[in-house]
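Residues per chain, in single letters:
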Amino acid sequence: MIKYLLQKEFLQIRRNSFMPKIIFIFPIMVMCVMPWVMNQEVKNIRVDVVDIDHTTHSQQLVHQIEASNYFVFNGQKATYQEAMKDIETSMADIILEIRDGKYLIAANAVNGTKGSIGSAYLSQIVSGTVTAPSASSVLTLYNKLQSYKVFMIPALMGILMMMLCGFLPALNIVGEKEKGTIEQINVTPVSKWSFILAKLIPYWIIGLVVLTLCLVLSWLVYGITCQGPLLLVYLLAILLALFFSSFGLIVSNYSDTMQQAMLVMWFFVVCLMLLSGLFTPVRSMPDWAYLTTYINPMHYFADAIRTVFVRGGGFQTIAHQVVALAIIASVMSVWAVQSYKKNN
């Protein structure tokens, strides 16, 4: 019975003129565009310099700012008030005043991240120019080039699995409710488990195909490959797909229209994504927000896939995350079956 249900699902996907396109075009666009723009490195910080001393050291500092890849040298101003006008009109982000051998850094904190990180960059240049360089050295064990793309590509894989394996099953069920075709299924002897599996399996397969496509694009476009076993990456993806596909079915079981399902899914997806540590460290969150990571599957996935993809960790290093993902996904799959009401 499940064989014919799977045939029906794949036929529906194939006959939909929009679905196959979005399944392949969406991952390609995300992998080829997002790693370039989802970058938390702060660059192109516009600096005004007010050099009152005009000494050799001050000129050397100005030249270092000009040569830096992080700053855009806005020119030297005669007075601090003149430079402040550039700040007020958003023509400059930071002012560096050099007076009597002292250095004043004033940053525009309207954009707090740009102001604080830009000030830190400029402070490092000033410290390196004024004082002798330190004899200490830094040894980078993982991601030696400190590329933010290496950090973001595993996160983008998780986001794609979340979107495709979560939204598509939810919209599939609700779409059948709106068309009335689900009533024809309800009057047949098809069991709940068979019906739910037939709805989930196609999107698990699609999720794994998309993951493979992401891995290939990561290698071809950026030259970035997984440092650990690929089987672990696929294991994590399967568990995440099981969770979000089950969650999508739960939402669809309690929704009557596509609009309802979309809004509810979007609400939970954004919360899970922002509280997972995909973009910001979870330890920076307040204590009450950090507690949510214990039940957030995206947090376990992000932590585990970065361990495997970036650091090359084995199963023992991610066993805790795998077990947690398996438990959460199993609970959601049972809930998805139990919440489906089959009236026959």
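It should be emphasised that the depicted structure is a prediction, and the values quoted were computed from it without experimental measurement.

1. Here's the deal with the overall build of the protein
Counting secondary structure elements, the protein contains 13 helices and four strands. Taken over the C-alpha trace, the protein has a radius of gyration of 26 Å; the compact-globule value for 344 residues is 20 Å, which it surpasses by more than 25%. If one aligns the C-alpha atoms of the protein with their principal axes, the spans along those axes are about 90 × 45 × 40 Å. The buried share of the protein, taken over its 344 residues, is 46%.

2. Some points on the state of the cysteines
Considering all chains together, one arrives at zero disulfides under this definition. Unpaired in this structure, Cys226 has its nearest cysteine sulfur neighbour in Cys214, at a distance of 13 Å.

3. Regarding the environment of Trp266
Note that Trp266 resides in helix α10 (residues 258-274). Linking Trp266 and Ile159, residues 107 residues apart in sequence, is a C-alpha distance of 12 Å. With sequence-adjacent residues up to four places away left out, Trp266 is seen in contact with Met163 and Phe167.

4. Notes on the pattern of salt bridges
Under the counting rule described, the total for this entry stands at three salt bridges. Here Glu97 makes a salt bridge to Arg99, at a shortest N to O gap of 3.0 Å.

5. What to know about the side chain of Glu97
Relative to the elements of secondary structure, Glu97 occurs in strand β3 (residues 94-99). With a relative accessible area of 10%, Glu97 lands in the buried category. Within the local environment of Glu97, its side chain forms a polar contact with the side chain of Arg99, the two groups lying 3.0 Å apart. Look past the residues within four positions of Glu97 in its chain and what remains in contact with it is Val50, Tyr80, Lys102, Tyr103 and Leu104.

6. Here's the deal with the sheet that holds strand β1 (residues 45-51)
Reading across from one edge, β2-β1-β3-β4 is the order of the four strands in this open sheet, with mixed pairing throughout. Each having just a single partner strand, β2 (71-76) and β4 (102-107) make up the two edges of the open sheet. When the angles between neighbouring strand axes are averaged without regard to direction, this sheet yields 20°. Of the pairings in the sheet, the one linking β3 to β4 comprises six bridges and is antiparallel in character. Its bridge partner being in β4, Leu96 is matched across the sheet by Ile105. Running over the sheet, helix α3 (residues 56-67) touches β1, β2, β3 and β4 and is turned about 140° from β2. Against the sheet, helix α4 (residues 80-88) contacts β1, β2, β3 and β4, and its axis sits at roughly 170° relative to β3.

7. A look at the pairing of β2
Across four bridges, the pairing between β1 and β2 is parallel. Within β2, the residue paired with Val47 across the bridge is Phe73. For the crossover that starts at β1, traverses α3 and ends in the parallel β2, the hand is right-handed.

8. Concerning the nonpolar core
Membership of the largest hydrophobic core comes to 81 residues, with the highest contact counts inside it found for Met157, Leu236, Leu278 and Phe309. Secondary structure elements with two or more residues in this core: α1 (2-15), α2 (19-37), α6 (148-179), α8 (192-222), α9 (230-253), α10, α12 (297-309) and α13 (315-339). Leaving out residues up to four positions away in the same chain, Leu278 has contacts with Phe151, Met152, Ala155, Ile159, Met273, Met298, Ala302 and Arg306. Core analysis: the next-biggest nonpolar cluster, separate from the first, contains 14 residues, Ile45, Val47, Leu96 and Leu122 among them.

9. Some words on the confidence of the model for the protein
With 93% of its residues at a pLDDT of 70 or more, the protein shows a mean pLDDT of 84. Taken element by element, the protein is modelled with least confidence in helix α7 (residues 182-186), mean pLDDT 69, and with most confidence in α12, mean pLDDT 92.

10. Let's talk about the layout of surface pockets
If you add up the space inside the largest pocket, you get close to 600 Å³. Lining the largest pocket we find 21 residues, and of these Asn16, Met19, Leu168, Leu171 and Asn172 sit closest to its centre. Counting only elements with at least two residues in the lining of the largest pocket, the list comes to α1, α2, α6 and α10. For the lining of the largest pocket, the element with the most residues is α6, which contributes nine residues. Residues belonging to the lining of the largest pocket are distributed by class as follows: 14 nonpolar, five polar and two charged.

11. Description of the packing of aromatic side chains
How two aromatic rings sit relative to each other is set out by the distance from centre to centre and by the angle between their planes. Tallying each qualifying case throughout the model produces eight aromatic pairs. Ring centres 6.0 Å apart and planes at 10° place the aromatic pair Phe243 and Phe247 in the stacked group. Here the residue Phe243 and the residue Phe247 both occupy positions in helix α9, the gap between them amounting to four residues, near one helical turn. The buried category is assigned to Phe243, whose relative accessible area is 5%. A ring pair is formed by Phe247 and Phe268, whose centres lie 5.4 Å apart and whose planes are at 80°; its orientation type is edge-to-face. With a gap of 21 residues between them, Phe247 in helix α9 and Phe268 in helix α10 connect regions that are remote in the sequence.

Conventions and cut-offs
Here the residue numbers are simple positions, counted from 1 along each chain's written sequence. Given that this is a predicted model, residues contribute local features only at a pLDDT of at least 70 and side-chain atom pairs are listed and counted only at 80 or more, while totals for whole chains, interfaces and linings are drawn from all residues. Neither water nor hydrogens contribute to the side-chain values; these are computed over all heavy atoms in the structure. The way it works is that DSSP assigns letters per residue, a run of H or I at least four long becomes a helix, a run of E at least two long becomes a strand, and they are numbered from the N terminus. Throughout, the radius of gyration refers to the C-alpha atoms, and the reference size of a globule is 2.2 Å times the residue count to the power 0.38. Per-residue accessibility, obtained with a 1.4 Å probe over protein chains only, is compared with the maximum for each type, and a residue is labelled buried under 20%, exposed over 50%, and partly exposed between these values. In what follows, a disulfide is any cysteine sulfur pair within 2.5 Å. Contacts are assigned to residue pairs that have any heavy atoms within 4.5 Å of one another. Each reported salt bridge corresponds to a side-chain nitrogen of Lys or Arg within 4 Å of a carboxyl oxygen of Asp or Glu. Counted as a polar contact is a pair of N or O atoms within 3.5 Å, where, for protein atoms, one must be capable of donating a hydrogen and the other of accepting one, and residues adjacent in sequence contribute only when both atoms are in side chains. Strands are labelled as partners when DSSP assigns at least two bridges between them. The angle between two axes is taken between their N-to-C directions and runs from 0 to 180 degrees, where each axis is a line fitted to C-alpha atoms and a helix contributes only its stretch in contact. For crossovers, right-handed means that the path from the first strand over the helix to the second runs clockwise, given strands pointing away from the viewer. Here, nonpolar core refers to any group of buried Ala, Val, Leu, Ile, Met, Phe, Trp, Tyr and Cys residues whose side-chain atoms link them within 4.5 Å. Each residue carries a pLDDT score, the predictor's own confidence in it, on a scale running from 0 to 100. A cavity here means a set of 1 Å grid points, computed over protein atoms only, where a 1.4 Å probe fits but cannot escape. A pocket is an open set with protein on both sides within 12 Å along at least 5 of 7 lines, and lining residues have an atom within 4 Å of a point. Grid points are joined across faces, edges and corners, and a volume is the space filled by probe spheres set on the points. Side-chain classes are defined by residue name, with Ala, Val, Leu, Ile, Met, Phe, Trp, Tyr, Cys and Pro counting as nonpolar, Asp, Glu, Lys and Arg as charged, and the others, Gly among them, as polar. Aromatic rings from Phe, Tyr and Trp, with only the six-membered ring used for Trp, were paired whenever their centres fell within 6.5 Å, and each pair was classed as stacked if the ring planes differed by under 30 degrees, edge-to-face if by over 60, and tilted otherwise.

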